[in-house]
Amino acid sequence: SAVISQKPSRDICQRGTSLTIQCQVDSQVTMMFWYRQQPGQSLTLIATANQGSEATYESGFVIDKFPISRPNLTFSTLTVSNMSPEDSSIYLCSVDGGPADTQYFGPGTRLTVL
Amino acid sequence: EDQVTQSPEALRLQEGESSSLNCSYTVSGLRGLFWYRQDPGKGPEFLFTLYSAGEEKEKERLKATLTKKESFLHITAPKPEDSATYLCAVQDQGAQKLVFGQGTRLTINP
C-alpha cells in the first residue's frame, strides 16, 4: 500500500486566517481525496482531486472555502480559508490504490481554530 | 442517498471475550464495503474490502462477513491491542467516494 504523509500534523490557528495542508504520496496515484473528521464524528468527503483537472466538491463544500491543488501525481494541498472555530477538525487525505478502489489514508492534520 | 449505521457506538470487552460489530448499509448498488481501524490521533488503517453477499475475509483475530443489508466484524479472543475505533464505509457503483458510518469504539480490558 502507498505511504502517505501530511504536513503539518497539527496546528492551532486564529479565526480569519488560512492554513494549507500538504499531502505527499510515495507513488503516483490517479485520485486523491480530502476528508474532514469533526470531533466525535466520522469522516466526510470534502472533494476529489485528479491531476490536471479541477477538484470535484461534495455538497456543502465550496472551492472558495476549501481550495485544492493537485500539481502532480504524488502531491496535493488543501487550504482551509477564513477559518472559524467550526473548522476545528482532523483533515485527512487518502489515495485510491491497491486492489479494487481501496483507499489508503494519511495520518491526518489536527486543526484547532481559536 | 447512501447511508451507513454502525452499532454499538461503544463496546467494552474483557480480554478473550469474543463479540461482533454491526454495519448496516443502504446503497443503490454496492461496489464495495470497507472496514478500517482507527487509533486515537491517527488516520484510518485499511482492514478489509468485501464485494458481494456471502463473502468473508479474515485477518488474525478479525473476520468480516457481508450480506445484502449488513456486514459484521467478528472479533475472536481479542487482546488489549485490538482496542480502537472500527469504521465501516460503503462505495456505490459508479462512484469513488466512501460513505462512512459513525464507528464503533472498542475497548478490550486486560
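A short tour of the structure in this document, coming up. (Residues numbered from 1 in each chain as written. Chains lettered and ligands numbered in written order. Predicted model: local features only at pLDDT ≥ 70, side-chain atom pairs only at ≥ 80, totals over all residues. Heavy atoms only, no water.)

1. Some words on unusual backbone geometry
Consideration 1: Put simply, K7 of chain A and P8 of chain A share a cis peptide bond, and its omega is -10 degrees.
Consideration 2: Following the sequence through the fold, P8 of chain A ends up in the loop between strand 1 (4-7) and strand 2 (10-13).
Consideration 3: P8 of chain B follows S7 of chain B through a cis peptide bond whose omega is -10 degrees.
Consideration 4: Backbone geometry places N82 of chain A, a non-glycine residue, at a positive phi of 45 degrees. (Helix = DSSP H or I, 4+ residues; strand = E, 2+ residues; numbered from the N terminus.)

2. Here we look at the sheet that holds strand 3 (residues 19-26) of chain B
Residues and elements named next belong to chain B.
Consideration 1: If you trace the five strands from one edge of the open sheet to the other, you get 1-3-8-7-6, paired in antiparallel fashion. On the outer flanks of this sheet lie strand 1 (3-7) and strand 6 (56-59), each paired with one strand and no other. Between one strand axis and the next, the sheet turns through 15 degrees on average, direction left out of account.
Consideration 2: Bridging between strand 1 and strand 3 involves five bridges; their strand directions are antiparallel. What sits directly across from Q6, in strand 3, is C23. (Pairing = 2+ DSSP bridges. Axes fitted to C-alpha atoms, helices over the stretch in contact; angles between N-to-C directions.)

By themselves, these are just geometric observations and shouldn't be taken as functional.
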